[in-house]
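# Structural characterization, general
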Amino acid sequence: MAMVCLSDFEAYAKKYLPKIAWDYFAAGADDCNTRDENILAYKRIRFQPRMLRDVSMMDIRTKILGTEISFPVGIAPTGFHQLAWPDGEKSTARAKAMNTCYIASTYSTCTLEEISAAAPGGLRWFQLYIHRNRAVSRQLVQRAEALGFQALVLTADLPYTGKRRDDIRNGFCLPPHMKLKNLERDFEGDDRSEYGLPPNSLDPSITWNDIYWLQSLTHLPIIIKGILTKEDAELAVRHGVQGIIVSNHGGRQLDEGPATIDALVEVVEAVGGRVEVYLDGGIRKGSDVLKALALGAKCVFIGRPALWGLAYKGEEGLQDVLRILQDEFRLSMALAGCARVSEIGRHLVRFSKL
């Protein structure tokens, strides 16, 4: 079967992954309305393409935090990659041939050291959850910086885990051979929950002042992930972050929140160019990438589609997913009348009433 678009990889993963793994990756919170709305919201945005613009030479490169990437799509932080492919996050990191950014998760099934060794020289950021045991989080930050990770991504939208019904029905837990490698020694002897950690190990008391605590630990730029409102965007800038990822955790936390592409507009307006704004959630086509950039995102990140690619053929499958998105993005840009990323702007799109 020819893999032509991202939905082909989705269908393959659904067919061949064990049901418990597929349901974990696919899960949204409660009724899954926000998960589904992340995708549907793109269909309400229409292009206003320009003609006769000379698109014979296309340049789809961009920069994030000063580092050039081949096109404005990166790999979002997701956990438990060994559920999709035996080499897990090592295979994800090896997809660096596409010259983009990979955000490695705290909840990886490979160590930071293994991820770093798998892709020396690749652009890697590290995603952090803050735990009640602050020494655990401090050590993770320091390890990441020492290993050459180039930014720290703080997830802000998970004081507690959202209710994911299929995981509860399935009695989800990691297989015995699979561990959260970056935390394996930190919770030895403790009872583990379905997600491989002691219940209530995350710190629900974190506040904006903890940004200052993180800044005291590292010289890395700090990006905050999970922002959906102009008020929080303004607070993020005020507290000195270098980037914002507009995200609702793939619809896995609070159901009935806004789709990320809808929230992007007010976040971009509030930030006013003071920091870079990125987005994840709902990206399924190159034209979705173009819409997000037209509305002000500097770059987008893909979560589930990266896992579908891994499930298909490991790093090769992930590279196929990225290559398809890259080709579709280039084509959408050209058909909209843009030869360079710098030409993409709000004039290209309008919101439909449908």
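Residue indices begin from 1 for each chain and proceed along its sequence in written order. Local features are withheld for residues below a pLDDT of 70 in this predicted model, meaning they are given only at 70 or higher, and side-chain atom pairs are given and counted only at 80 or more; totals for whole chains, interfaces and linings count all residues. Only hydrogens and water are set aside when side-chain values are computed; all heavy atoms of the structure are taken into account.

## A closer look at the nonpolar core
Rules: Working definition of a nonpolar core: buried Ala, Val, Leu, Ile, Met, Phe, Trp, Tyr and Cys residues. They are joined through side-chain atoms within 4.5 Å. Throughout this description, buried means an accessible area under 20% of the type-specific maximum (1.4 Å probe, protein chains only), exposed means over 50%, and partly exposed covers the range between. Numbering goes from the N terminus for both helices and strands, where a helix is a DSSP run of H or I of at least four residues and a strand is a run of E of at least two. Residue contacts are counted whenever heavy atoms from the two residues lie within 4.5 Å of one another.
In terms of nonpolar packing, the biggest core is built from 103 residues, with F80, L214, I244, I261, L279, F329 and I344 touching the most fellow members. A per-element tally of this core places helix α12 (residues 304–336) first, with 14 residues. Each residue touching F329, except ones within four places of it in the same chain, is listed here: I60, F71, P72, G286, V289, L290, L293, V341 and I344. Grouped together as the second largest cluster of nonpolar side chains are 14 residues, I103, I245, Y278 and F301 included.

## Some points on the pairing of strand β11 (residues 299–302)
Using the following cut-off: Two strands make a pair as long as DSSP finds a minimum of two bridges between them. The handedness of a crossover follows from its direction of travel: if, with the strands pointing away from the viewer, the path from the first strand over the helix to the second runs clockwise, the crossover is right-handed.
Taking every second residue as pointing to the same face, both faces of β11 are buried, with C299 and F301 on one and V300 and I302 on the other. One ladder, built from 3 bridges, connects strand β10 (residues 276–280) with β11; its direction is parallel. From the neighbouring strand, Y278 faces β11, where its bridge partner is C299. Handedness of the crossover is the feature at issue here: the chain leaves β10, passes through helix α11 (residues 286–294), returns alongside β11, and the resulting connection is right-handed.

## So, the side chain of H81
Going by this rule: The term polar contact refers here to a pair of N or O atoms within 3.5 Å; inside protein, the definition further demands a hydrogen-donor-capable atom paired with an acceptor-capable atom, and it admits residues adjacent in sequence only when both atoms are side-chain atoms.
Within the element layout of this structure, H81 appears in the loop between β4 (73–75) and α4 (89–94). According to the relative accessible area criterion, H81 is buried, its value standing at 1%. Polar side-chain contacts of H81 include one of 2.8 Å to the side chain of T92. With sequence-adjacent residues up to four places away left out, H81 is seen in contact with G88, E89, T92, Y102, T109, L307 and L310.

## Quick look at the UniProt feature "active site" (unreviewed entry) in the chain
Which entries qualify depends on this criterion: UniProt positions are given in the numbering used here, feature names are shortened, and annotations may be inferred rather than shown by experiment.
On the UniProt side, "active site" (unreviewed entry) is annotated at positions that read H249 here. Setting aside anything within four residues of it in sequence, one finds H249 in contact with Y129, T155, D157, L158, R164 and K225. For H249, the side chain forms a polar contact with the side chain of D157, separated by 2.9 Å.

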